[in-house]
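Each chain, written out:
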Amino acid sequence: LYGRTVTYLGPLILPLLHEINSAIIVSFKALKQGSCLECAYTIIELLTRRIDSAPAMDILLFELLTCVCGYFEETVSAKDGNPHHAGYESECIEALFSFIYGYLVLCPQVLAASPVLPKIPLLCVACLRAYKECGPVRSALHVLQGFFNPVCYPMCTHKKLFLQASLSSVHELVMFSLNGL
């Protein structure tokens, strides 16, 4: 319902996006729910579909990505690197990586400029270790695949940055693969 509403109201809510972003971030921090990230993904879709996308839109997207992923990384690091111990349910992990994949496909320039870029592959590995459910594993692998093998032209322009970010996780991925999913 939220996605359809935002899509329908599109231009009418643009002046409110800063407040909406803030509400999404506060809600995610408080609730650790995937629904917050599903709302965020809708914002990504709305902003990247606009032909007249301004640098201010990239700034909003940058802030959303940096706050959400930065908070996730902080809370996971504080709990032995295990997202499950940090209180994240599998549906939230699936939504998180769908959210990140949205950046990979729809606005890779924002992801490439973000300080969270090098942390994402390591978070994928941490989630692969912590969850066995199909949804989170598939979403984390989908993001990793996007880092190693860009699926669209805008991603290709940032391929070198994505591969460099992935280097820190290669050893972890190999060791994880040897131990089996």
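What comes next concerns the included structure. (Residues numbered from 1 in each chain as written. Predicted model: local features only at pLDDT ≥ 70, side-chain atom pairs only at ≥ 80, totals over all residues. Heavy atoms only, no water.)

Moving on, we get to helix α2 (residues 17-31). Under the 1.5 Å per step criterion, the end-to-end length of α2 is 20 Å for 15 residues, consistent within 8% with the ideal 21 Å. Buried residues of α2: Leu-17, Ile-20, Asn-21, Ile-24, Ile-25 and Phe-28, and no others. Along the long axis of α2, the arc covered by the buried residues comes to 135°, so they all point the same way. Turned more than 90 degrees off the buried face of α2, the exposed positions are Val-26 and Ala-30. A positive backbone phi angle near 50° is found at Lys-32, which sits one or two residues after α2. (Helix = DSSP H or I, 4+ residues; strand = E, 2+ residues; numbered from the N terminus. Expected span 1.5 Å × (residues − 1). Buried < 20%, exposed > 50% of the residue type's maximum accessible area, 1.4 Å probe, protein only. Arc of directions from axis to C-beta.)

You can see Asn-82 is positioned in the loop between α4 (55-77) and α5 (90-106). Residue Asn-82 is classed as buried on the basis of its relative accessible area, which comes to 18%. Of the polar contacts made by the side chain of Asn-82, one reaches the backbone nitrogen of His-84; its length is 2.8 Å. Excluding anything up to four places from it in sequence, Asn-82 contacts Val-76 and Ala-130. (Polar contact = N/O pair within 3.5 Å; in protein donor to acceptor, adjacent residues only side chain to side chain. Contact = heavy atoms within 4.5 Å.)

The next thing to look at is a nonpolar patch on the surface. A contiguous nonpolar patch, built from Phe-148, Leu-163, Leu-167, Val-170, Val-174, Met-175 and Leu-178 and spanning about 600 Å² of accessible area, is present on the exposed surface. Per-element tally for the nonpolar patch: the top contributor is helix α10 (residues 159-179), with 6 residues. Residue position: Leu-167 is located in helix α10. (Patch = residues over 30% accessible without salt bridge, like charges linked within 9 Å, V, L, I, M, F, W, Y side chains within 5 Å. Areas by Shrake-Rupley, 256 points an atom, 1.4 Å probe, with all protein chains shown as cover. Salt bridge = Lys/Arg side-chain N within 4 Å of Asp/Glu carboxyl O.)

Attention shifts here to the environment of Glu-91. Of note, Glu-91 is situated in helix α5. In this structure the C-alpha to C-alpha distance between Glu-91 and Gln-33, which are 58 residues apart in sequence, comes to 7.7 Å. Setting aside anything within four residues of it in sequence, one finds Glu-91 in contact with Gln-33, Gly-34 and Ser-35. Within the structure, Glu-91 has its side chain in polar contact with the backbone nitrogen of Gly-34 (distance 3.3 Å).

This part covers the packing of α5 against helix α8 (residues 134-148). Where α5 contacts α8, the two axes come as close as 8 Å, and the packing angle between them is 20°. Judged by the angle between their axes, α5 and α8 are roughly parallel. In the packing of α5 onto α8, the handedness of the crossing is left-handed. The segment α5 lies against α8, with Ser-90, Ile-93, Glu-94, Phe-97, Ser-98, Ile-100, Tyr-101 and Leu-104 engaging Gly-135, Pro-136, Arg-138, Ser-139, Ala-140, His-142, Val-143, Gly-146 and Phe-147. The residue inventory of the contact of α5 with α8, partitioned by class, reads 9 nonpolar, 6 polar and 2 charged. (Axes fitted to C-alpha atoms, helices over the stretch in contact; angles between N-to-C directions. Parallel < 35°, antiparallel > 145°, perpendicular 65-115°, else oblique. Left-handed = near helix turned anticlockwise from the far one by under 90°. Nonpolar A, V, L, I, M, F, W, Y, C, P; charged D, E, K, R; others polar.)

Tallied over the full model, the rule gives 5 aromatic pairs. Consider the rings of Phe-99 and Tyr-103, whose centres lie 5.2 Å apart with planes at 75°: the pair is edge-to-face. Within this pair, Phe-99 and its partner Tyr-103 are both found in helix α5, separated by 4 residues, close to a single helical turn. Classification of Phe-99 as buried rests on a relative accessible area of 0%. Given the relative accessible area of 0%, Tyr-103 is considered buried. Positioned over the ring face of Tyr-88 is Lys-32, at 5.1 Å from the centre of the ring. (Phe/Tyr/Trp six-rings, centres within 6.5 Å; stacked < 30°, edge-to-face > 60°. Lys NZ or Arg CZ within 6 Å of the ring centre and 35° of its normal.)

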